[in-house]
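Structural overview
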Amino acid sequence: MSPRPLRQFYGDDRTLALDGLPGAVEPFRRHRARFLEALGSLTEDQWSATTRCDAWSAKDVCHHLVTADGFWAMSLLGRAEATPTTFLRGFDPTSTPGAVIAPMREQPARAALESLTASTDQLLEALSGIDEGEWTAMRSESPFGHVSLLVIAAHALWDSWLHERDVLLPLGHAPAVEDDELVTAAAFTLFLGGAQGGVLDDDDAVGEGPTAPIDGAVAFDELPGRAFYLGVDRDVRVSVDAETFRAGGACAVGSAVTFVESVTGRTPLGPTLARFPADIAA
């Protein structure tokens, strides 16, 4: 991720939302169970090995996810508070995560795995307690500011899904790519681009937003029959639509896995963006 401030959206009437995802709880539960099982099979050398995150070992990744799980659970449970939290105002994604996990590095691998197992249960309990009508509520905090609860759930899965690949691919193990997990990872990545690309009339210090609304749809090779719609004006919305998808109604942009990995710096970005409509690519 580039060393620049995040765009954050606090204290205004903007909406940052996702909809149309294939569930929020079960995809995370399945993914994390698979990841925990894989982590439990690592040797001591593999726990210490460098991942695709150059400065982090597998144990560091594990500690990062423990702290993230704890924050997501707290943020979701805080939705009932009169005033949404602002703990992450000014959050720096290039330095803060590393600083948080630094004191944990002396823990043995077994302790790290036990902590991740416990934080997984904590987050799943928080996710499972959300009623169907609550998912669109703008009551929880993320690094982007105040977002809908479904954005929080998607962010949690996206982060963990990427880090599963960061740990296992260098070891020669290819994680399973499940349909509903990939839908969530691709939708959140599209949301990430829309939110960080800016919104109309946004004069934030990180740069001007677009000069005209963005309203487009893309389709991915591994996820046929689904259109991923991105809308950006004063709000940022991503919607996954399987029911009204029509052939030719969305721009085919190639692999969803490659899209997620290139936008997050794991593979080159240029060839991926070249397949997108110009306004969405920008």
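The following paragraphs examine the structure supplied in this document. (Residues numbered from 1 in each chain as written. Predicted model: local features only at pLDDT ≥ 70, side-chain atom pairs only at ≥ 80, totals over all residues. Heavy atoms only, no water.)

What follows is about the overall build of the protein. Looking only at helices and strands, the protein has 10 helices and 7 strands in total. Radius of gyration (C-alpha) of the protein: 18 Å, near the 19 Å computed for a compact globule of 282 residues. Counting only C-alpha atoms and orienting by the principal axes, one finds that the protein spans roughly 50 × 45 × 35 Å. Within the protein, contacts between residues at least 6 apart in sequence are counted, and of these 76% link residues at least 24 apart. Of the roughly 12,600 Å² that the protein leaves accessible, carbon and sulfur atoms contribute 53%. On the protein, the mean spot of the 21 positive side-chain charges and the mean spot of the 41 negative ones are 1 Å from each other. (Helix = DSSP H or I, 4+ residues; strand = E, 2+ residues; numbered from the N terminus. Rg over C-alpha atoms; globule rule 2.2 N^0.38 Å. Contact = heavy atoms within 4.5 Å. Areas by Shrake-Rupley, 256 points an atom, 1.4 Å probe, with all protein chains shown as cover. Lys, Arg positive; Asp, Glu negative; His and termini not counted. Charge placed at Lys NZ, Arg CZ, Asp CG, Glu CD.)

Further remarks concern helix 7 (residues 179-197). In a regular helix each residue adds 1.5 Å, so 19 residues correspond to 27 Å; helix 7 covers 27 Å between its end C-alpha atoms and thus fits that length. Most of helix 7 sits inside the fold, with 16 of its 19 residues counted as buried. In the stretch just after helix 7, Gly 198 is the one whose phi turns positive, near 105°. (Expected span 1.5 Å × (residues − 1). Buried < 20%, exposed > 50% of the residue type's maximum accessible area, 1.4 Å probe, protein only.)

Moving on, we get to the layout of surface pockets. Counted as a void, the second largest pocket has a volume near 190 Å³. Lining the second largest pocket are Leu 18, Asp 19, Gly 20, Leu 21, Gly 23, Ala 24, Val 25, Glu 132, Trp 135, Thr 136 and Leu 150. Taken together, the residues that form the lining of the second largest pocket break down as 6 nonpolar, 3 polar and 2 charged. (1 Å grid on protein atoms, 1.4 Å probe; cavity = no way out; pocket = protein on both sides within 12 Å on 5 of 7 lines; lining within 4 Å. Points joined across faces, edges and corners; volume = space filled by probe spheres on them. Nonpolar A, V, L, I, M, F, W, Y, C, P; charged D, E, K, R; others polar.)

Let us now look at the packing of helix 1 (residues 26-40) against helix 3 (residues 58-77). Contact geometry for helix 1 and helix 3: axes closest at 13 Å, N-to-C directions at 150°. One element, helix 1, and the other, helix 3, form an angle in the roughly antiparallel class. For the pair helix 1 and helix 3, the sense of crossing is left-handed. Residues Phe 28, Arg 32, Phe 35 and Leu 39 of helix 1 pack against Cys 62, Leu 65 and Asp 69 of helix 3. (Axes fitted to C-alpha atoms, helices over the stretch in contact; angles between N-to-C directions. Parallel < 35°, antiparallel > 145°, perpendicular 65-115°, else oblique. Left-handed = near helix turned anticlockwise from the far one by under 90°.)

Attention now goes to the sheet that holds strand 7 (residues 251-252). Judged by pairing direction, the sheet is mixed, and its 5 strands sit side by side in the order 1-6-5-4-7 without closing on themselves. Each having just a single partner strand, strand 1 (16-19) and strand 7 make up the two edges of the open sheet. As judged from the 2 bridges shared by strand 4 (residues 214-219) and strand 7, these two strands associate in the parallel manner. When the sheet's bridge partners are listed, Val 218 is paired in strand 7 with Cys 251. (Pairing = 2+ DSSP bridges.)

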